[in-house]
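Structural characterization, general
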Amino acid sequence: KDKKVTIIYPKCGDIELMSTSAKVTADKLNADNVSIIMTSGYCSIGELNAKNFDFTSTSGSIVVNKMNCSIADIGSTSGGCELNKVQADTLNFTSTSGSSYAEIDSAKVVKIGSTSGSVNLKLNVGATISFSTVSGSFSCEKEYSDKVGKKVIGDGETVIEVNTTSGSLKVR
């Protein structure tokens, strides 16, 4: 049977959640530090406000509709990742085979590493993109210039590094 636990709390110091194979949903998380560790399953967060956010999964997926963090670290072996309306100083994402999507509203540094998963970025900011791949492809719907192996969009303020083995990078 499905089990549902509802927790209502004011802004608190730390939230730590560990799950084996559950569906985890949260309308809004406000905390200094949020840590979610999943083996498999699905995590959906409406709005996340935290200094530090850490999500680790073997095969679980995560969707965040609005994210405001100083530092966000996302790691997944084969699960997908969808991050919308991201405001972060630093966003780090690593995946072996899961696909990733991020809509960046503001960020200083974004680092993404993928073995075979595709990376899709929607940029609402200017960015300088470094893309390294063995066999993946790069496509961009925005106007950009090439400067010493980097793609510069707009003012180039956000630094984005993407490294893949066979995953492609699509920017819009």
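Residues numbered from 1 in each chain as written. Predicted model: local features only at pLDDT ≥ 70, side-chain atom pairs only at ≥ 80, totals over all residues. Heavy atoms only, no water.

Turning next to the confidence of the model for the protein. The pLDDT averaged across the protein works out to 93; a share of 94% of its residues lies at or above 70. When mean pLDDT is taken per element in the protein, strand E9 (residues 150–153) scores highest with 98 and strand E1 (residues 12–57) scores lowest with 92. (pLDDT = per-residue confidence, 0-100. Helix = DSSP H or I, 4+ residues; strand = E, 2+ residues; numbered from the N terminus.)

Turning our eyes to something else, we now look at the packing of aromatic side chains. Under the definition given, this model contains two aromatic pairs. Consider the rings of phenylalanine 138 and tyrosine 144, whose centres lie 5.7 Å apart with planes at 90°: the pair is edge-to-face. Using a relative accessible area of 33% as the deciding quantity, one classes tyrosine 144 as partly exposed. Taken together through their ring pairs, the aromatic side chains of Phe131, Phe138 and Tyr144 make up a single cluster. Sitting over the ring of phenylalanine 138, lysine 151 keeps its end group 5.3 Å from the ring centre. (Phe/Tyr/Trp six-rings, centres within 6.5 Å; stacked < 30°, edge-to-face > 60°. Buried < 20%, exposed > 50% of the residue type's maximum accessible area, 1.4 Å probe, protein only. Lys NZ or Arg CZ within 6 Å of the ring centre and 35° of its normal.)

This brings us to the pattern of salt bridges. Side chains bearing opposite charge may pair, as long as their charged atoms lie close to each other. Going through the model one piece at a time under the given rule, you end up with five salt bridges. Aspartate 32 is the partner of lysine 51 in a salt bridge, and the nearest nitrogen-oxygen pair spans 4.0 Å. Taking the relative accessible area as the measure of exposure, lysine 51 reaches 49% and is therefore partly exposed. We classify aspartate 32 as partly exposed; its relative accessible area is 25%. The residue lysine 170 makes a salt bridge to glutamate 141 at a minimum N-O spacing of 3.6 Å. Linking lysine 170 in strand E11 (residues 169–171) with glutamate 141 in the loop between strand E7 (138–140) and strand E8 (145–147), this pair joins segments that are 29 residues apart in sequence. Assessed through its relative accessible area of 35%, lysine 170 is described here as partly exposed. (Salt bridge = Lys/Arg side-chain N within 4 Å of Asp/Glu carboxyl O.)

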